[in-house]
Amino acid sequence: MKYGIAIFPGKDLQDLANSLRKRYDPKYALIPPHITLIGDFEAGNEEIGEVSKKLATIASHYHSIPIKVSKVSSFKPVSNVVYLKIEPNSDLEHLHQELISTLGVSPEHPFVPHITLGQNLSSDEHLDLYSNLRMQNFHFEEKSDRFHLLYELENGSWTVYETFRLGKES
């Protein structure tokens, strides 16, 4: 089964992201706005219990993760994706690195913390969306106190398998 690990931002940030995702992100209905910590990885039913124990231990090493958004960015020319850029911070980076090393996964892409607003855009759509959003001011600051182990359903949607509160060992 396919699993992933993500942080869901607070309601205000989710509302902003969803207002744009509804039109520009074909995966809008499949998963809420999120910050991917670990992209999809495979694990069997017998393995996921051990993964869950490891994640609980990792969660106990952190108390909160600062989430700060101040601008929109893009992955162009690699792909026509527009996103809210999460400002890098050591807690987020350390959490990501600890997840990778503990789970033994190899990320497909470098870690760029973000919340996708639009993807699979034509060049014109990308230019229009990015140009308009780049002119706007964004200022969101919050602290996340949890991350989630998600799994993919047969219809391509993702749902929470387990939630891990930071600072507490389950």
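This structure is a prediction, so every number in the text was calculated from the model and none was measured.

Participant: Pulling in residues and values, what's your account of the overall build of the protein?
Facilitator: Of regular secondary structure, the protein possesses four helices and eight strands. Along the protein, helices and strands appear, N-terminal first, in the series β-α-β-α-β-β-α-β-α-β-β-β. The C-alpha atoms of the protein give 16 Å as radius of gyration, which agrees with the globular expectation for 170 residues (15 Å, within 12%). Going through the 170 residues of the protein one by one, you find that 44% of them count as buried. Summarising the internal contacts of the protein: among those between residues at least 6 apart in sequence, 75% fall at separations of at least 24. With the model as given, the accessible surface of the protein reaches about 9,300 Å², and the carbon-plus-sulfur share is 48%. Positive and negative side-chain charges of the protein, numbering 17 and 23 respectively, have mean locations separated by a distance of 6 Å.

Participant: Quick rundown of the packing of aromatic side chains? Include the residues and the values.
Facilitator: Here the structure, examined in full by the defined rule, presents five aromatic pairs. Three or more aromatic residues joined by ring pairs make a cluster, and in this case those are Tyr3, Phe41, Tyr151 and Tyr161.

Participant: Lay out the nonpolar core with the relevant residues and their values.
Facilitator: The biggest cluster of nonpolar side chains holds 43 residues, and the ones touching the most others in it are Ile5, Leu37, Phe41, Leu55, Leu99 and Phe147. Per-element tally for this core: the top contributor is helix H2 (residues 45-59), with six residues. With sequence-adjacent residues up to four places away left out, Leu55 is seen in contact with Ile5, Leu99, Leu103, Phe147, Leu149 and Phe164. The next biggest cluster of nonpolar side chains, apart from the first, holds five residues, and it includes Phe8, Ile31, Leu150 and Trp158.

Participant: I'd like to hear about the environment of Lys76, residue by residue, with values.
Facilitator: Position of Lys76 among the secondary structure elements: in the loop between strand E3 (65-74) and strand E4 (82-86). Given the relative accessible area of 41%, Lys76 is considered partly exposed. Separated by 51 residues in sequence, Lys76 and Leu127 place their C-alpha atoms 9.9 Å apart. Apart from residues no more than four positions distant in its own chain, Lys76 is found in contact with Ser123 and His126. At 3.0 Å, the side chain of Lys76 and the side chain of Asn80 are in polar contact.

Participant: Before we move on, could you go through the side chain of Ser74 and cite the residues and values that matter?
Facilitator: By the element assignment, Ser74 lies in strand E3. A polar contact is formed between the side chain of Ser74 and the backbone nitrogen of Lys76, at a distance of 3.0 Å. At 2.6 Å, the side chain of Ser74 forms a polar contact with the side chain of His126. Filtering out sequence-adjacent residues up to four positions away, Ser74 remains in contact with Ser79, Val81, Val82, Tyr83, His126 and Tyr130.

Here is what the cut-offs are and how they apply
- Residues numbered from 1 in each chain as written.
- Predicted model: local features only at pLDDT ≥ 70, side-chain atom pairs only at ≥ 80, totals over all residues.
- Heavy atoms only, no water.
- Helix = DSSP H or I, 4+ residues; strand = E, 2+ residues; numbered from the N terminus.
- Rg over C-alpha atoms; globule rule 2.2 N^0.38 Å.
- Buried < 20%, exposed > 50% of the residue type's maximum accessible area, 1.4 Å probe, protein only.
- Contact = heavy atoms within 4.5 Å.
- Areas by Shrake-Rupley, 256 points an atom, 1.4 Å probe, with all protein chains shown as cover.
- Lys, Arg positive; Asp, Glu negative; His and termini not counted.
- Charge placed at Lys NZ, Arg CZ, Asp CG, Glu CD.
- Phe/Tyr/Trp six-rings, centres within 6.5 Å; stacked < 30°, edge-to-face > 60°.
- Core = buried A, V, L, I, M, F, W, Y, C linked by side-chain atoms within 4.5 Å.
- Polar contact = N/O pair within 3.5 Å; in protein donor to acceptor, adjacent residues only side chain to side chain.

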